[in-house]
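Spelled out, the chains give:
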Amino acid sequence: MRRRIRLLSVMLTILAIAGPIQAEPSAKVRADRYGDLLPTGALVRLGTVRWRNQGRSFAFSPDGKRIASSGFDGSLRIRDAATGAEHRRLVEERAVGCGRIAYSPDGKLLAAEDDQAIRLWDTARGKCIRKLPRAKRNQFEDLVGLAFSPDGKLLAAGEETGGITLWDARTGVRGEQIDPREEKLHAFAFLPEDNRLLTVNRDGVAGVWEMDGRRRRTFRIDPQSGFSSAISTDGKTLIVGIDRPAPPGGKELLAPGLTSVWDITTGKERWRLETQGSVIGVALSPDGKTLAYIQDTANVIQLRDMDSWKELRRLAVVEGIARNLTFSPDGKVLAARVENSLELWDVATGRSLSSRPGHAAAVGRVAFTANGRQLVSISRNQQLGTARVWDALTGQYLYMLPEDWNWTDAGVLCASPDAKMLLLGDFDAITVWDVAARRSVRRLPIEKKPAPNSSQQILALALSPDGRRITSISVDGDGRTTFLVCDAVSGADLSRRVLVLREGRITPLPLFLNGRFAATTDGRTVWFRDVVSGVVRQTFYMEKPADDEVLSGRLTFSNDGRLLACISRPERTYRKGKVRLWEVATGAELPPFLAPYVQAIAFAPDGRTLAMGDEAGDPSSEEGSIRLRDIATGKEVGRCEGHGTIVGTSYLDPGGGALAFSPDGQTLATGLMDSTVLLWDVKPALRRVKEALPAVREQDLPRLWADLAGADARKAQASIWALAAAPKIALPFLEQRLTPARSADAERLRRLIADLDSEQFPVRKAASEELRKFDLLAEPALQKALKGKPSLESRRRIEELLAFYRGPVVSDETRRIVRAVTVLEYMKNEEASRLLKKLSAGTPEARLTREATAALERIRSPNP
């Protein structure tokens, strides 16, 4: 005991002299081009977070110096109204989503709705001081508005299906219920004269109410199918923007939109203006002199003088549709929600006050150019898509493709492997865009001679790695699916196959293995299909799925096509998500990664690292995270935190990919819901991946060689990477065991094929089993025999054998061959390439020869 105490004393003395143990230095925190801080580990931000609003509601503070906006992540952001810089963020634990918000007249309180309650925040301290329980609803969107009374004593909350509840803003005591039987509330506001309430329901009926719940009067607005509304500050004028319903008989309206001005006191209409588009937003300046409105067919906000009814000016909306038009308290600024952004204009001049280079909507597709120096980001708003090109090293915005780059809601997009070309598929044709030239270079129709009234909706697009072939998958009005491979320059058909598929979902994929395959899924099963023949080569299944578990994300392949990954989750929740992985050659599933809130996935170029982007909402990461997993060991090797909400794979599913690694794998790009792209340094994670596997010793080689032949896919993957990381001792070992394939004995093959037609069942069965061992070496002879009009029994067995060769690899020796070639490709050195070249010189039909040849092609390809 004394010896132990003496030893402990010595150790403590040494530690005291040496000082505290130094932790690993934290990653450098950087700022973007506008001075806003980046999350730790982020290198560059493309675009800006200023004026970005991931919610549906915003409000000026009474003094006009701040703008508060709600977020789908449950937070409230308070920004400087002059610069857009974030002043304060208000977050309540366990709150999900944030909807309607309202400032009190003195600006000291901010009311905000979430899925649980209406919360009152002290704006000076940034503290939630009171929670007002909400009526139980299925969705928090049922709340149509919040409003403080002019004296600030009352807070009114209007439910779409429950009338208006009044609360004492100081005590939180619940007061009167205004019209609890009302089922279609659209909007409401306090009238400043005597604290009365004006309501407008979805049937076009306006009502004025006393604070005790008595209705004072009503008046009816013109019938409509939808509308927007605004009430003047003095409470005397109601502005309504209308989407007129189509008349009976299928006739079209010459003016489907209408803006009308109503006198609240008399209930009479004063002015009306018919418009060519439905009016989806209206606002009236605080002094009542200027009307702002926007139509769904225009990308401008129109301003009119309320006295003369003349148009004053138009405010340009750069991208998307403006909604929630709101004047600042002094009337000098007009603000609107445009997609996921706030845009502000100077009312007097029409000048934009919030313009920054970047997207306005969520970024659902990112792709690096081949040298990794530039990045193309794709965003699709409610009207069309936009493509922007950035300097990936500095974050500088370079240019946007022209306005006629029209990617509609029904369209599909695919970027070439080097991001130099973009393929746009809409209805009936594929448009090829040259990114550098900023123009379309050709348009390729799906049907060269379409039948009258026929249409092909393109569901998936892909470009082969060499850029020579385009594969499209489209469906016509009769449910027939066309698999088309065409020349990327001339548009000439290289192959065309029309099928009626049983699965209900088509997902795109990067073409690999010379663009021969596509994948489809119905949510339970994945079909791996030959594009030219349409034949299903193999199927992938989830091992032990939950009763309601479905494959809900985009099918994602590793760059070399050896691994397949897909997000799965129960149909009604994101909280139990997984990432399922399969080894393509064998069809074996690796143990899935648990990823409760995963939204997007991407393989690193090394084929061993998988990035998984979580949404903001995961309790373990308030603002979302990207987790990097080592496929060989299953361990997490890195995490990027605080990026916000990443775009999910279903958001822009056809052609979408909100995660992308740079060609060297050292940088990861994430497309986000806030319209920006973040570039992350993932070099530390790659170092951990290299250090994750134990060193290989000579005595380990036989065990690892045996693992390559086994059915355990996770163990095989670990052994593949262990051998690839130890070329000095593994390569000589492989050279002794891998020799170029030789042709099969032609006479023996002839006898076995003849035995397939034997009158004795044991002979036929034995011949089939023996021919299976020949693997692809027997394929040419069987194809020749099939052309010779064999008997029905012989034909059946030959076709079964050919399907077996093309299906998943199941024999130990064949699994070992495929995985051993993978080891040589992953070594990435000259000696391994020389051995691959030697193996590729074997008999052409052998699997070893084919695998070695394909591996060499990928190694030599500038865009693997």
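Residues numbered from 1 in each chain as written. Predicted model: local features only at pLDDT ≥ 70, side-chain atom pairs only at ≥ 80, totals over all residues. Heavy atoms only, no water.

S.K.: What's the story with the sheet that holds strand β36 (residues 439–445) in this structure? I'm lost.
M.R.: Hydrogen bonds between backbone groups are what pair the strands of a sheet, and the pairing can be parallel or antiparallel. Strand order in the open sheet formed by four strands is β33-β34-β35-β36, with antiparallel pairing between adjacent strands. The two strands at the open ends of the sheet, each matched to only one other strand, are β33 (412–415) and β36. Strand-to-strand twist in this sheet, taken as the mean axis angle between neighbours without regard to direction, amounts to 20°. Relative to strand β34 (residues 421–425), β33 runs antiparallel, the two being bridged by four bridges. For Cys414, the partnering residue across the bridge sits in β34 and is Leu423. (Pairing = 2+ DSSP bridges. Helix = DSSP H or I, 4+ residues; strand = E, 2+ residues; numbered from the N terminus. Axes fitted to C-alpha atoms, helices over the stretch in contact; angles between N-to-C directions.)

S.K.: Could you clarify how one ought to interpret the side chain of Ser149 in this entry?
M.R.: Considering the arrangement of structural elements, one finds Ser149 in the loop between β10 (143–148) and β11 (154–159). With a relative accessible area of 0%, Ser149 lands in the buried category. Of the polar contacts made by the side chain of Ser149, one reaches the side chain of Asp151; its length is 2.6 Å. Every residue in contact with Ser149, bar those within four places of it in the chain, is listed here: Pro105, Leu154, Phe190 and Asn195. (Buried < 20%, exposed > 50% of the residue type's maximum accessible area, 1.4 Å probe, protein only. Polar contact = N/O pair within 3.5 Å; in protein donor to acceptor, adjacent residues only side chain to side chain. Contact = heavy atoms within 4.5 Å.)

S.K.: Could you clarify how one ought to interpret the side chain of Ser104 in this entry?
M.R.: Its location among the elements puts Ser104 in the loop between β6 (98–103) and β7 (109–114). Polar side-chain contacts of Ser104 include one of 3.4 Å to the backbone nitrogen of Lys108.

S.K.: I would appreciate a short explanation of the environment of Glu691 in the present structure.
M.R.: Along the chain, Glu691 falls in helix α2 (residues 683–692). Between the alpha carbons of Glu691 and Ala725 there is a distance of 9.9 Å; along the sequence they are 34 residues apart.

S.K.: Can you help me understand the pattern of salt bridges in this one?
M.R.: What the rule picks out here adds up to 50 salt bridges. For Arg89, the salt bridge goes to Glu86, with nearest N and O atoms at 2.9 Å. Judged by relative accessible area, which is 34%, Glu86 ranks as partly exposed. Here Arg119 ties to Asp114 by a salt bridge, and the two come within 2.3 Å at their closest N and O atoms. Looking at Arg119, the relative accessible area reads 2%, which means it is buried. The exposure class of Asp114 is buried, given its relative accessible area of 4%. (Salt bridge = Lys/Arg side-chain N within 4 Å of Asp/Glu carboxyl O.)

S.K.: I would appreciate a short explanation of the sheet that holds β6 in the present structure.
M.R.: Pairing within the open sheet is antiparallel, and its four strands lie in the order β6-β7-β8-β9. The open sheet is flanked by β6 and β9 (127–133), the only strands paired with a single partner. Averaged over all pairs of adjacent strands, the angle between their axes in this sheet comes to 25°, without regard to strand direction. Pairing analysis gives five bridges linking β7 to strand β8 (residues 117–122), with the strands arranged antiparallel. Directly across from Leu109, in β8, lies its bridge partner Asp122.

S.K.: Please clarify how the environment of Leu824 should be interpreted in this entry.
M.R.: Of note, Leu824 is situated in helix α10 (residues 812–827). Here Leu824 falls in the buried class, since its relative accessible area comes to 1%. Excluding residues that lie within four positions of it along the chain, Leu824 makes contacts with Leu731, Leu734, Leu738, Ala832, Leu835, Leu836 and Leu839.

S.K.: Help me out: how do you make sense of the pairing of strand β47 (residues 563–570) in this one?
M.R.: Within a regular strand, side chains alternate between the sheet's two faces. The buried count for β47 comes to eight of eight residues, which makes it a mostly enclosed element. Pairing analysis gives three bridges linking strand β45 (residues 549–551) to β47, with the strands arranged antiparallel. Within the sheet, the bridge partner assigned to Glu549 lies in β47 and is Pro570. Here strand β46 (residues 556–557) runs beside β47; their pairing, made up of two bridges, is antiparallel. Bridge pairing links Thr556 to Ala565 in β47.

S.K.: Looking at this structure, how should I read the pairing of strand β12 (residues 163–168)?
M.R.: Counting buried positions along β12 yields five of six residues, so the element is predominantly enclosed. Relative to β12, β11 is paired through six bridges, and the arrangement is antiparallel. Following the sheet pairing, Ala156 is matched in β12 by Leu166. Looking at chain direction, β12 and strand β13 (residues 174–178) are connected through three bridges and run antiparallel. Counted as the bridge partner of Ile164 is Ile178 from β13. A loop of five residues connects β12 with β13, the two strands running antiparallel in sequence, and Gly172 in this loop sits at a positive phi of about 80°.

S.K.: Any chance you could explain the confidence of the model for the protein chain here in plain terms?
M.R.: Low pLDDT means the predicted atomic positions in that stretch should not be read closely. Overall, the prediction assigns the protein chain a mean pLDDT of 84, with 87% of residues at 70 or greater. Low confidence marks residues 1–26, where pLDDT is under 50. Its contacts with residues over four positions away, or in another chain, come to one contact. Every residue in residues 507–514 scores below 50 in pLDDT, and together they form 31 contacts with partners more than four places removed in sequence or on other chains. (pLDDT = per-residue confidence, 0-100.)

S.K.: I keep staring at the nonpolar core and nothing clicks. Help me out?
M.R.: When a protein is soluble and globular, its nonpolar side chains tend to lie buried together. Among the nonpolar cores identified, the biggest contains 33 residues, and Leu734, Leu824 and Met827 are the most heavily contacted of them. Elements that contribute at least two residues to this core include exactly α3 (701–709), α4 (713–724), α5 (727–737), α10, α11 (830–840) and α12 (847–860). At seven residues, α10 tops the list of elements feeding residues into this core. In this structure, Leu38, Ala602, Ala604 and Ile626 belong to the second largest nonpolar core, which totals 19 residues. (Core = buried A, V, L, I, M, F, W, Y, C linked by side-chain atoms within 4.5 Å.)

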